[in-house]
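Each chain is listed here by its residues.
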Amino acid sequence: MTDIVPAPQTPRVPVRGGGTFPVRRIFCVGRNFADHAKEMGAAAPASKAERGQPVFFHKPADAIVINGADVPYPSATQDLHHEVELVVALGTDAPPGVLDHAQAQALVIAYGVGLDLTRRDLQAAAKAKGLPWDTGKGFDHSAPISELVLAEHVGDLASRSLTLDINGTRRQQGSLADLIWDVPDIVHELSKLYALRAGDLVFMGTPAGVGPLVAGDHFVAALEGVAELKGAIVAS
Ligand code: MN
């Protein structure tokens, strides 16, 4: 049978050393740093035992913007915000069932750094009404991402920092040691909800310091010693 519309192209993220990572889905984690949860007015868990369940949401796969490309200022917002985040790339289809932490970590093929761009005004309005966050989070060009670096070349993530500079000024800085749910925790939790597949990406949540972006802003996001993401917000 013939397609009645053109088939969509699979979004692809370059991988350091060669090749690309075809993106299937983008999972995102909310409130994964206590300092950011507090700045958003949410209660932060006092300990791992009290952390409850992580907050998950999605972006469409074609929200990806590759390193160096311009990001058009989105429609329907007056308050576009930056959130710098660790990005985890899954390289293997998960076995059936809930994954233990070793199985969860074994799915990870690569890491990068990305921005969870957010229409904060739309998200805040949705939150106030108890409605879903989709229009605040899952819009076109809302997921700029660095090249991916194979996990075998990254080593231990635990003490690495995330940073974001806007026009040369530091706006966000956090340590991955402060994640409420670390990478195997999150993949374990996702496996309760979804059959995880090769090509899935996970944006792991942002530290404190989120704030506005305007057309003309240049951003440099970094996962310390691993990857860097550069780009600019342009008038649409
Ligand atoms: Mn986020």
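Residues numbered from 1 in each chain as written. Predicted model: local features only at pLDDT ≥ 70, side-chain atom pairs only at ≥ 80, totals over all residues. Heavy atoms only, no water.

A. Structural context of the side chain of Thr118. Here Thr118 is to be found in strand E10 (residues 118–119). What makes Thr118 buried here is its relative accessible area of 0%. Within the structure, Thr118 has its side chain in polar contact with the backbone oxygen of Asp116 (distance 3.1 Å). A polar atom in the side chain of Thr118 sits 2.8 Å from the side chain of Lys137. Each residue touching Thr118, except ones within four places of it in the same chain, is listed here: Asp79, Leu80, His81, Glu83, Gln123, Gly136, Lys137 and Phe139. (Helix = DSSP H or I, 4+ residues; strand = E, 2+ residues; numbered from the N terminus. Buried < 20%, exposed > 50% of the residue type's maximum accessible area, 1.4 Å probe, protein only. Polar contact = N/O pair within 3.5 Å; in protein donor to acceptor, adjacent residues only side chain to side chain. Contact = heavy atoms within 4.5 Å.)

B. Structural context of the coordination of the manganese ion. Those protein atoms acting as donors to the manganese ion are Glu83 (OE), Glu85 (OE) and Asp116 (OD), and they sit at 2.0 to 2.1 Å. The sequence motif formed by the donor residues of the manganese ion is E-x1-E-x30-D. The pair Glu83 / Glu85 is uniform in exposure class, with both members buried. (Donors = N, O, S within 2.8 Å, 3.2 Å for Na, K, Ca; no water.)

C. The arrangement of the packing of aromatic side chains in detail. Here the structure, examined in full by the defined rule, presents two aromatic pairs. The interplanar angle of 45° and the centroid separation of 4.9 Å between the aromatic rings of Phe27 and Tyr194 together place this pair among those described as tilted. Residue Phe27 is found in strand E3 (residues 25–30), and its partner Tyr194 is found in the loop between helix H5 (183–191) and strand E15 (200–203); the two are separated by 167 residues along the sequence. For Lys59, the ring lying beneath its charged end belongs to Phe139, and the centroid distance is 5.7 Å. Across the ring face of Phe139, the terminal group of Arg119 is positioned such that the distance to the ring centre comes to 4.5 Å. (Phe/Tyr/Trp six-rings, centres within 6.5 Å; stacked < 30°, edge-to-face > 60°. Lys NZ or Arg CZ within 6 Å of the ring centre and 35° of its normal.)

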